[in-house]
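Residue strings, one per chain:
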Amino acid sequence: MDSAATSQPATAADAKDATLIYRQSRWTRLTHWLWAFSLFFMLLSGLQIFNARPQLYVGKESGFAYNNTILQIGAENTDSGPRGFTEIFGHRFDTTGVLGWSGPPGQETPHAFPAWATIPSYYDLGTARVVHFFFAWVLSATLLVWLVAGLVNGHIRRDLAPRVEDLRKLPRDIVDHAKLKFHHTREYNTLQKMAYGGVLFVLLPLMIVTGLAMSPSMDSVLPWLNEILGGRQTARTIHFTVMVLLVLFFVIHMLMILAAGPINELRSIITGWYRTDPPAKHDEPAERSA
């Protein structure tokens, strides 16, 4: 994410260059990188965990007696040899070399996700679970502290909550992004507020809640959680779906950074300093860049 924590008031870094402002606070940058590293290790270790049972179901139970599989990744023997497949809602696709059956030529193995996409790269469910849970707690703790701080210092209300004028700007904001026309200011634009709000207040909390629902040890602590989510198998499916949406967000986010100016964006999230548009470049207060 670009930044989802408190930004300090814009100040000129140099009297000769008023467009260079201190955009991201240390807290913003710290939480950004903690979330980024945590999600990276959670993703790759999560794919390793998924490989232990590469099917997704809807409902409280699963097995041969049920017909509730919505996703399956595996391998099968065919006349031309082993082939990998991915089946989604009953529609099967050949994904040999990527999903189901992959590896160096002559050394292919039947894994849902290839070795290069998992932590560890070899099959080790125990290690994957340790890595996954460790970074899940790091992510959860950071998100909770950020949420409390954001409410106390007004960052959430001031910078993330969409206002009526933001909604009025939404059509123009969509057109500008489609044309790769970006405005570099301190404020978030409407699409950013909606995207960051969706990640911080919907996707990440939903990932944490479904993760807790999948843990048998939480049944005695939160016995109602599984019922609300429709069962442990449904919770696992939601968890996987949230992961896919977060990966999609990351890809779009990276593309927007490249289009808006990667050096300026990276400098902002690493050092805090960001170069804005000259005041004469836009007629009204513009939106923040991707």
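The notes below deal with the structure included here. (Residues numbered from 1 in each chain as written. Predicted model: local features only at pLDDT ≥ 70, side-chain atom pairs only at ≥ 80, totals over all residues. Heavy atoms only, no water.)

Some remarks on the packing of aromatic side chains
Operational definition: What counts as a ring pair is set by centres within 6.5 Å for rings of Phe, Tyr and Trp (its six-membered ring), and what kind of pair is set by the plane angle: stacked under 30 degrees, edge-to-face over 60, tilted for all other angles. A ring has a charge above it when a Lys NZ or an Arg CZ is no more than 6 Å from the ring centre and no more than 35 degrees off the ring normal.
Taken as a whole, this structure holds 11 aromatic pairs when the rule is applied. Among the aromatic residues, those joined into a cluster by ring pairs are Phe40, Phe41, Phe134 and Phe135. It is arginine 92 that lies over the ring of phenylalanine 85; its NZ or CZ is 3.8 Å from the centre.

Overview of unusual backbone geometry
Most peptide bonds take the trans form, and the phi angle of most residues other than glycine is negative. Definition in use: Secondary structure elements follow DSSP: runs of H or I of four or more residues count as helices, runs of E of two or more count as strands, with numbering from the N terminus.
Residues isoleucine 119 and proline 120 are joined by a peptide bond in cis, for which omega reads -10°. Mapped onto the fold, proline 120 is located in the loop between strand E6 (91–94) and helix H2 (125–153). Of note, phenylalanine 89 is a non-glycine position whose phi angle comes to about 50°, a positive value. Summarising the element assignment, phenylalanine 89 is placed in the loop between strand E5 (81–88) and E6.

What about helix H5 (residues 190–214)?
We count it as follows: Multiplying one less than the number of residues by 1.5 Å gives the expected span of a helix. Here the bend at a residue is taken as the angle between two axes, fitted respectively to the seven residues that end there and the seven that start there. Accessibility here uses a 1.4 Å probe with only protein chains present; expressed as a share of the type maximum, an area under 20% marks a residue as buried, one over 50% as exposed, and anything in between as partly exposed. Residue contacts are counted whenever heavy atoms from the two residues lie within 4.5 Å of one another.
Compared with an ideal rise of 1.5 Å per residue, which puts 25 residues at 36 Å, H5 spans 35 Å between its outermost C-alpha atoms and is within 8% of the ideal. At valine 199, H5 is bent by approximately 35°, the largest bend along its length. Turning to H5, its buried residues are Thr190, Gln192, Lys193, Tyr196, Gly197, Val199, Leu200, Leu203, Leu204, Met207, Thr210 and Ala213. For H5, the secondary structure elements touched by its buried residues are helix H1 (26–51), H2, helix H3 (155–160), helix H4 (164–178), helix H6 (225–229) and helix H7 (232–260).

Considering the pairing of strand E4 (residues 69–78)
Convention followed: Here, any two strands with at least 2 DSSP bridges between them count as paired.
Pairing of strand E3 (residues 55–57) with E4 involves three bridges; the strand directions are antiparallel. Bridge pairing in E4 links tyrosine 57 to threonine 69. Pairing between E4 and E5: eight bridges, direction antiparallel. By the bridge assignment, isoleucine 73 is partnered in E5 with threonine 86. Counted along the chain from E4 to the antiparallel partner E5, the turn is two residues long.

Description of the pairing of E5
Where E5 lies against E6, four bridges are found, and the strand directions are antiparallel. Along E6, the bridge assignment pairs glutamate 87 with arginine 92. In this antiparallel pair of consecutive strands, E5 and E6, the connection spans two residues, and phenylalanine 89 shows a positive phi of 50°.

So, the pattern of salt bridges
Going by this rule: The term salt bridge refers to a pairing of a side-chain nitrogen on Lys or Arg with a carboxyl oxygen on Asp or Glu at a separation within 4 Å.
By the definition in use, this model includes six salt bridges. Notably, a salt bridge pairs aspartate 159 with arginine 158, separated by 3.5 Å at the nearest N-O pair. Judged by its relative accessible area of 30%, arginine 158 is partly exposed. We note a salt bridge from aspartate 166 to lysine 193, for which the minimum N-O separation is 2.7 Å. Of this pair, aspartate 166 sits in helix H4 while lysine 193 sits in helix H5, and the two are 27 residues apart along the sequence.

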